[in-house]
Amino acid sequence: MRVRLRVALLTSAAVFGMTATGLSAPNAFGEVFKHGDAAQSLIGSYLAANLAKSANDAKSAALFYRNALATDPKNEVLLEQSFQVEVLEANWQRAVPLARQLIAANEGKTQRIAHLLLGLDAFKSQSYSKAEKNFETASEGPIGELTSTLARAWTEVARGNTKKALKLLNLPKQAEWAQFYLNYHNALIADVAGRQKEAAAAFERTYEEANRTLRTALAYARHAAHYGHIKRAKSILRQQIDQAQREPHPLARDLLDKIEAGEKISLLIKTPEDGLTEVFYGLGEALTSEGGLSMGILYLQMALYLQPDHAFALAALANAYEASRRYDDAIAAYDRIPPGTPLQDSIDIRKAFDLNSLDKVDEAQVVLDKLAATNPTDIRPLDALGNIMRSRKRFDEAVDYYSRAIDLLPERLEKRHWSFYYSRGTCYERTKNWPLAEVDLQKALKLFPDQPLTLNYLGYSWVDQNRNLKQGMALIEKAVALKPDDGYIVDSLGWAHYKLGNFKQSASFLERAVELRPEDPVLNDHLGDALWRVGREREARYQWDQSLTLDPEPENAEKIKKKLAEGLPPEVQAQIPTKSDKAGANKRQKPRKESKLTPPSAIVE
């Protein structure tokens with residue numbers, strides 16, 4: 001579930017000890033050389049651990065912190081850092097004892113993550129008084145207070161005290177994002193306790209606030225179907241399916257099929273352990289999606305400490321690993337999801353994208369080709385294959401996969417189908433088949449008139465070819481208005497002005513584009529051209545030189561080197577296209593940059 005937590009995350013980072021922590025000079029560097037090799041091993045291991053942690057390599061960080069602790073086992077900073085990475089890596093046999101050590105070594109200073117883990121450990125052994133005490137201790141800060149409250153509420157449910165559990169959730173003057181979770185868990189607890197009407201009212205409040213959130217929609221639909229409110233359950237799921245930007249989520253489709261088939265539907269959360277797992281899964285997934293990657297992974301791992309095969313927590317953990325480019329770990333997390341669920345095809349598709357990110361393109365292709373052969377009516381593996389081939393500039397193969405996907409589209413096309421035509425159109429353009437590219441791009445625009453990617457690509461292509469100049473410029477301007485912080489789209493507007501001879505306006509937009517995408521060689525090259533035309537020749541040479549450092553395409557690198565040596569030839573203003581211009585429309589002067597079309601939606605949303 002994704003509810004805005006950014007402000008709470010920023011204010012809670014220090015509270016949870018997730019900011020960078022270092023050994024103080026008196027405790028570390030000032031004493032290093034008094035202890036010979038042991039001290040050098042300590043500081044070396046500590047620094048190596050910090051470097052590994054900053055690079056999102058928690059496995060290596062854990063090993064280095066262990067080495068450092070072996071030298072200085074009572075060092076509080078090492079205990080805290082080591083504990084955190086052991087939790088990040090789910091090394092529970094080390095993490096749980098470290099949590100106890102950390103708390104014992106920090107009398108008077110709350111170690112919140114340690115108390116949360118010990119609370120979970122006590123809950124697992126049904127020591128509910130110990131669990132409640134640990135959860136209550138971890139209640140400082142916005143995230144801490146919410147986590148503590150929800151965890152204590154589910155602990156009371158486990159004790160058989162539903163009334164007290166629901167009373168705990170009645171916190172006044174809470175922020176909107178916190179109230180969302182309180183309402184949601186109010187509904188779940190009422191459901192587990194059999195309080196149907198109370199659960200329905202809480203679900204309705206939650207759904208009104210976040211009806212696009214898959215997890216709450218599934219919970220509410222299951223509640224409604226379980227108690228015989230079939231029409232309401234179908235309405236919730238159909239809304240989820242209708243508002244999907246791409247293909248509907250398989251769990252929403254599967255649940256709707258089961259309801260329509262008359263199957264008995266169980267509740268999403270059935271036990272107190274399910275509920276407590278949901279606390280850490282839900283907050284962990286939200287935190288990772290809002291930029292709190294390390295804290296989010298901590299929460300997800302703690303959810304998996306309770307239920308190691310929790311499919312949604314594993315999928316969210318895999319998504320977090322993907323965000324930190326730990327693709328092997330993402331694949332391993334996906335492999336832990338129990339097979340045979342409606343998520344299986346989506347899991348295989350995500351794994352294929354991870355293999356592609358590891359440069360194992362052939363393996364990715366084998367996975368997806370097998371999936372497409374096994375499910376010949378499923379459009380998703382073909383779309384994924386097209387996206388991977390397009391990312392690898394294997395445009396002819398991408399066209400083939402996109403064409404096969406388009407053949408599976410329903411006769412009555414919907415707005416969400418725009419991406420198939422856009423994607424194939426861009427591949428046609430890259431293979432210099434502009435007539436077919438133009439048809440597909442116009443089809444995509446007809447399906448989704450306000451889609452910035454299509455507006456940008458079609459508009460830029462027309463202007464770059466000196467065709468439909470006024471209309472092309474209007475499309476690009478609309479794209480920029482819709483997505484003003486997209487460097488590639490702003491670049492298109494700047495380059496369009498350049499093509500029309502509006503060099504001063506061009507330079508202004510292209511400077512903005514490079515601010516947004518400083519790492520892109522084409523954008524820097526474009527800016528250099530515009531600066532040259534307005535007489536800022538020294539700055540132009542700087543931008544061309546900068547472009548060369550950013551690994552441009554070989555043919556572009558040669559052109560840039562020539563410009564550095566000779567400058568630009570006298571300017572040629574854009575002209576109304578002639579027949580020969582139209583005939584040569586595919587002879588593009590500049591490669592088209594586009595915003596990256598992301599892989600299919602993550603399994604959890």
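Refer to the structure above for everything that follows.
Quick notes on the rules
Residues numbered from 1 in each chain as written. Predicted model: local features only at pLDDT ≥ 70, side-chain atom pairs only at ≥ 80, totals over all residues. Heavy atoms only, no water. Helix = DSSP H or I, 4+ residues; strand = E, 2+ residues; numbered from the N terminus. Buried < 20%, exposed > 50% of the residue type's maximum accessible area, 1.4 Å probe, protein only. Contact = heavy atoms within 4.5 Å. Areas by Shrake-Rupley, 256 points an atom, 1.4 Å probe, with all protein chains shown as cover. Axes fitted to C-alpha atoms, helices over the stretch in contact; angles between N-to-C directions. Parallel < 35°, antiparallel > 145°, perpendicular 65-115°, else oblique. Left-handed = near helix turned anticlockwise from the far one by under 90°. Nonpolar A, V, L, I, M, F, W, Y, C, P; charged D, E, K, R; others polar. Expected span 1.5 Å × (residues − 1). Phe/Tyr/Trp six-rings, centres within 6.5 Å; stacked < 30°, edge-to-face > 60°.

A.B. asks: So, the overall build of the protein chain: which residues are in play, and what are the values?
C.D. replies: The helix and strand tally for the protein chain stands at 32 helices and 0 strands. Here the protein chain, with 605 residues, has 55% of them falling under the buried criterion. For the protein chain, the proportion of contacts with a sequence separation of at least 24, taken over those separated by at least 6, is 60%. Carbon and sulfur atoms make up 50% of the accessible area of the protein chain, which totals about 27,300 Å².

A.B. asks: Break down the packing of helix H22 (residues 395-407) against helix H23 (residues 418-430) for me, with residues and values.
C.D. replies: Remark: H22 packs on H23, axes separated minimally by 9 Å, with the N-to-C direction vectors making an angle of 150°. Accordingly, the angle class assigned to the pair H22 and H23 is roughly antiparallel. Helix-helix and strand crossings are classified by hand; for H22 and H23 the assignment is left-handed. Packed against H22, whose contacting residues are Phe395, Ala398, Val399, Tyr402, Ser403, Ala405 and Ile406, the element H23 presents Phe420, Tyr421, Ser423, Arg424, Cys427, Tyr428 and Arg430 at the interface. Across the contact of H22 with H23, the residue classes break down as 10 nonpolar, 2 polar and 2 charged.

A.B. asks: Residue-level account of helix H12 (residues 214-226), with values.
C.D. replies: Taking 1.5 Å as the rise per residue, H12 with 13 residues should run 18 Å; its terminal C-alpha atoms sit 18 Å apart, in good agreement. Counting buried residues in H12 gives 11 out of 13 residues, a clear majority hidden from the surface. Against the buried residues of H12 lie helix H10 (176-192), helix H11 (196-209), helix H13 (230-242), helix H14 (250-260), helix H15 (272-289) and helix H17 (311-323). Once H12 finishes, Gly228 follows within two positions and takes phi at roughly 85°, a positive value.

A.B. asks: So what about the side chain of Gln240? Which residues, and what values?
C.D. replies: Structurally, Gln240 can be placed in helix H13. Classification of Gln240 as buried rests on a relative accessible area of 8%.

A.B. asks: Describe the packing of aromatic side chains, listing the residues and the values that go with them.
C.D. replies: On inspection of all chains with the given rule, the structure shows 13 aromatic pairs. Their ring planes at 70° and their centres at 5.7 Å tell us that Tyr207 and Tyr220 sit as a pair that is edge-to-face. Within this pair, whereas Tyr207 is found in helix H11, its partner Tyr220 is found in helix H12, the two being separated by 13 residues in sequence. Taking the relative accessible area as the measure of exposure, Tyr220 reaches 6% and is therefore buried. Considering the side-chain rings of Trp418 and Phe448, the 6.0 Å spacing of their centres and the 80° angle between planes classify their relative orientation as edge-to-face. A residue pair is termed long-range when its members are at least 10 positions apart, and Trp418 in helix H23 and Phe448 in the loop between helix H24 (434-447) and helix H25 (452-464) qualify at 30 residues. Of the aromatic side chains, those joined through ring pairs into one cluster are Trp418, Tyr422, Phe448 and Tyr457.

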